[in-house]
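Report on the structure
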Amino acid sequence: RAGRADSVGNVEGITDLTAADLTAVGDQVVVLDKAAPALRTTRGSAQLERAERVQVQQPGPAADAVAVALPDGYAFVPLAGGTFDTIPLGATAGTPAPPAVVAGCTYLAWGGSGVYVRDCEGDADDVRQEVDRIRSASALSFRVNRDVVVLNDMVNGTVFLVNDDMRAIDDWKPVDTQVTEQEDH
């Protein structure tokens, strides 16, 4: 129903919207309530530690859990609430980027530690690596266009092709030339 918003229920327990981050998992509203600290949905809530340093996933496809990045790991928190396990980084803590979920894979990265993770439904596609060039990044963000995912250092503009061995693009001239050549043909 284009142009029409349906009520999906109420998210209970939020006392300070200025301390909340919102996202969506399918049609499920998810609130990272940093004041509580808790992750809340219309179906339940889960307690978090250090919520002020947690990043909730970008809006993504329907699922039973929402991805959250912590300074020293990540987790898939059930939308129905309750307990969850944290997957540790095994590295120095860092500043997490909001995770992105695309085509069955969750993409995560941390500035400071330089860790990049792709956690997929099938373990064969999982990746965990340390990337020196994102170690010094203070503001990382995943950018998604259809099934293409890149990691952007928002301070210096460098873009990393996460599914192409973290190849960095910081000189757009060759890319512009390729686009022009493709348009000419």
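Let us look at the structure shown here. (Residues numbered from 1 in each chain as written. Predicted model: local features only at pLDDT ≥ 70, side-chain atom pairs only at ≥ 80, totals over all residues. Heavy atoms only, no water.)

Turning next to the layout of surface pockets. In this approach a probe as big as a water molecule rolls over the atoms, and the regions it shows empty are the leftover space. Estimated volume of the largest pocket: approximately 230 Å³. Taken together, 15 residues make up the lining of the largest pocket; nearest its centre are Ala63, Phe76, Val101, Thr106 and Glu121. Elements with a minimum of two residues in the lining of the largest pocket: β6 (65-70), β11 (105-111) and β12 (115-120). Considering each element in turn, the lining of the largest pocket owes the most residues, three residues, to β6. (1 Å grid on protein atoms, 1.4 Å probe; cavity = no way out; pocket = protein on both sides within 12 Å on 5 of 7 lines; lining within 4 Å. Points joined across faces, edges and corners; volume = space filled by probe spheres on them. Helix = DSSP H or I, 4+ residues; strand = E, 2+ residues; numbered from the N terminus.)

Moving on, we get to the packing of aromatic side chains. As enumerated under the stated definition, the model contains three aromatic pairs in all. Both rings, one in Tyr74 and one in Phe76, keep their centres 5.9 Å apart while their planes meet at 90 degrees; by these two values the pair is edge-to-face. Note on Tyr74: relative accessible area 7%, which makes it buried. Classification of Phe76 by relative accessible area gives partly exposed; the value is 30%. Ring geometry for Tyr74 against Trp110: centres 6.3 Å apart, planes inclined by 45 degrees, an arrangement best described as tilted. A residue pair is termed long-range when its members are at least 10 positions apart, and Tyr74 in strand β7 (residues 73-78) and Trp110 in strand β11 qualify at 36 residues. Taken together, the aromatic side chains of Tyr74, Phe76 and Trp110 make up a single cluster linked through ring pairs. (Phe/Tyr/Trp six-rings, centres within 6.5 Å; stacked < 30°, edge-to-face > 60°. Buried < 20%, exposed > 50% of the residue type's maximum accessible area, 1.4 Å probe, protein only.)

The next point concerns the environment of Ala97. Relative to the helices and strands, Ala97 resides in the loop between β9 (95-96) and β10 (100-102). Overall, Ala97 belongs to the buried group, its relative accessible area being 1%. Along the backbone, Ala97 and Leu70 are 27 residues apart, and their C-alpha atoms lie at a distance of 9.3 Å.

Taking strand neighbours across the sheet as the criterion, the four strands line up as β1-β2-β3-β4 in an open arrangement whose pairing is antiparallel. What marks the edges here is a single partner per strand, and that holds for β1 (20-25) and β4 (45-47). Adjacent strand axes in the sheet meet at a mean angle of 15 degrees when their direction is disregarded. Across six bridges, the pairing between β1 and strand β2 (residues 28-33) is antiparallel. In the strand pairing of β2, Thr23 is matched with Val30. (Pairing = 2+ DSSP bridges. Axes fitted to C-alpha atoms, helices over the stretch in contact; angles between N-to-C directions.)

A separate point is the state of the cysteines. One pass over the structure, following the stated rule, counts one disulfide. Residue Cys105 pairs covalently with Cys120 via a disulfide, S to S 2.0 Å. In this structure, the disulfide formed by Cys105 and Cys120 twists by about 105 degrees around the S-S bond and is classed as right-handed. With Cys105 in strand β11 and Cys120 in strand β12, this residue pair connects regions lying 15 residues apart in the sequence. As far as burial versus exposure is concerned, Cys105 and Cys120 are alike and both buried. (Disulfide = S-S within 2.5 Å.)

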